[in-house]
Every structure is written in structure tokens, then in C-alpha cells.
Amino acid sequence: MKAKTQDALSKQQEGMLVTAICNGTVIDHIPPKKLFKIAHLLQLEDMEEPITIGNNLDSHYLGKKGIIKISGRMLSDEEASRIALIAPDVHINIIKDYEVVDKRTLHLPEEIIGFVKCPNAKCITNNEPMHTHFHLIDAEHEVLCCHYCGRKVTEDRIELL
């Protein structure tokens, strides 16, 4: 049965630029300029399992896109939230036995606790041992607001801890 599945996949993949994985995670519809930020965030350079990275691939959705296929690894909720901060609206597919078993689109979380740095040097989170806490105040323009000092942070100034 397994050989038939692999033969069918091989025929289906003829002409495809990126091959299927048996088990793992596919991060799809990544804006091309954000692809390597996500790869670095996930520390893919340290993985020993197979990884496929494709960039500037044709996409009906974006025009051009990036894709990352990670064999043998599922993303944590924190990793997904961090990816959403870099590139909201990417698609995450969980693969088991060459089949998509879960599919979701990432969105910016309403609250972000503990992994975005406040740019205000006087903010308590930069001077006391405590977690940062931000609220999403404008999803369209990716604007966050610090819970403690009220400093607004735009997408281009978000610094992950």
C-alpha cells in the first residue's frame, strides 16, 4: 500500500518544483522578503531532518511566494505566533503520511506576551525582570501597543526577543 502511495505521489509531483514530505510542517504563502527571517527564527540551520526552502515561486495568491517544508517537526504555538508577527496570513499545513491533516492561516495575535521587545528605553519591561505585554491595536497596519508604557510599535520596528 505504501509503495502505491509513493508511486502516485511521484507521478503527481512530475513538474512540481517542490516535492511532498511524509510527516512534518509546511509553511506556505510566505512573502518572499520574509522567507529567510522565518527560516532563521525557526533555527532551521541547526536541523538534521530534511528541509526544503523555495523562494520566488509563482503564486495566484501573492504573485510570488516562499515555502518551507520541514520534515519530522511540528511548530509550537509560540513559534506560530512569532511567524505571524513576521508574516501574518501565511498558511501552515500539518502533514502525516503525505496527507494534510490540519490547515490554518496565521493571524496576528490580539495579545503578545514575552517575545516582543518594547522600544521605549524607560519602559518597566526594559528595567525590571518581567515579561513584555503588547496589544494589537491595528491588524491591517500591524501596530502593537505596549501594555505598560503605551508605546506604539509598527511592523517595521518589531524586535523579537
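The model shown is predicted, which means the values in this text are computed figures rather than measured ones.

1. Focus: the UniProt feature "binding site: Zn(2+)" (unreviewed entry) in the chain
Next, step 1: The UniProt entry lists Cys118, Cys123, Cys146 and Cys149 under the feature "binding site: Zn(2+)" (unreviewed entry), expressed in the numbering used here. The greatest C-alpha distance among the annotated residues, which extend across 32 residues, is 8.8 Å, indicating that they converge on a single site.
Next, step 2: Residue position: Cys118 is located in the loop between strand 7 (116–117) and strand 8 (133–138).
Next, step 3: Exposure remark for Cys118: the relative accessible area of 1% places this residue in the buried category.
Next, step 4: Discounting residues that sit within four places of it in the chain, Cys118 has contacts with Cys123, Thr125, Asn126, Thr132, Phe134, Cys146, Cys149 and Arg151.
Next, step 5: Cys123 has contacts with Cys118, Cys146, Tyr148 and Cys149, leaving out every residue within four places of it along the chain.

2. Structural notes on unusual backbone geometry
Next, step 1: With a phi angle near 80°, Asp89 is a residue other than glycine that sits in the positive phi range.
Next, step 2: Following the sequence through the fold, Asp89 ends up in the loop between helix 3 (77–86) and strand 4 (91–96).
Next, step 3: The phi angle at Glu142 is positive, at roughly 55°, despite the residue not being glycine.
Next, step 4: Overall, the relative accessible area of 14% leaves Glu142 in the buried class.

3. Comments concerning the state of the cysteines
Disulfides are covalent bonds that connect the sulfur atoms of two cysteines.
Next, step 1: A full pass over the atoms with the stated rule returns zero disulfides.
Next, step 2: Lacking any disulfide linkage, Cys118 is separated from the closest cysteine sulfur, that of Cys149, by 3.6 Å.
Next, step 3: Cys146 supplies the cysteine sulfur nearest to Cys145, a cysteine that is in no disulfide, at a spacing of 6.9 Å.

4. Some thoughts on the pairing of strand 2 (residues 51–59)
Next, step 1: Looking at chain direction, strand 2 and strand 3 (residues 63–71) are connected through seven bridges and run antiparallel. Residue pairing for strand 3: Asp58 is matched across the bridge by Lys64.
Next, step 2: As consecutive antiparallel partners, strand 2 and strand 3 are separated by three residues.

5. A look at the environment of Ile67
Next, step 1: Considering the arrangement of structural elements, one finds Ile67 in strand 3.
Next, step 2: The spacing of Ile67 and Leu35 is 32 residues in sequence and 7.4 Å in space, taken between C-alpha atoms.

6. A look at the nonpolar core
Next, step 1: Core analysis: the biggest nonpolar cluster contains 19 residues, and Ile27, Ile38, Leu42, Ile68 and Ile83 have the highest contact counts within it.
Next, step 2: Elements supplying a minimum of two residues to this core: strand 1 (24–30), helix 2 (35–41), strand 3, helix 3 and strand 4.
Next, step 3: Per-element tally for this core: the top contributor is helix 3, with four residues.
Next, step 4: Contacts of Leu42, omitting those with residues within four sequence positions, involve Ile27, Ile70, Arg73, Leu75, Glu79 and Ile83.

7. Topic: the side chain of Glu142
Next, step 1: Topologically, Glu142 is positioned in the loop between strand 8 and strand 9 (143–146).
Next, step 2: In this structure, Glu142 is buried with no salt-bridge partner, the nearest side chain bearing the opposite charge being Lys34 at 5.3 Å.
Next, step 3: Once you skip the residues sitting within four places of it in the chain, Glu142 turns out to touch Leu85, Pro88, Leu108, Val153, Thr154 and Glu155.

8. Focus on the side chain of Asn120
Next, step 1: Along the chain, the position of Asn120 falls in the loop between strand 7 and strand 8.
Next, step 2: A distance of 2.9 Å separates a polar side-chain atom of Asn120 from the backbone nitrogen of Lys122.
Next, step 3: In this view, Asn120 contacts Asn126, Cys149 and Arg151; residues no more than four positions away in its chain are not counted.

Here is what the cut-offs are and how they apply
Residues numbered from 1 in each chain as written. Predicted model: local features only at pLDDT ≥ 70, side-chain atom pairs only at ≥ 80, totals over all residues. Heavy atoms only, no water. UniProt positions renumbered as here; feature names shortened; annotations may be inferred. Helix = DSSP H or I, 4+ residues; strand = E, 2+ residues; numbered from the N terminus. Buried < 20%, exposed > 50% of the residue type's maximum accessible area, 1.4 Å probe, protein only. Contact = heavy atoms within 4.5 Å. Disulfide = S-S within 2.5 Å. Pairing = 2+ DSSP bridges. Core = buried A, V, L, I, M, F, W, Y, C linked by side-chain atoms within 4.5 Å. Lys, Arg positive; Asp, Glu negative; His and termini not counted. Salt bridge = Lys/Arg side-chain N within 4 Å of Asp/Glu carboxyl O. Polar contact = N/O pair within 3.5 Å; in protein donor to acceptor, adjacent residues only side chain to side chain.

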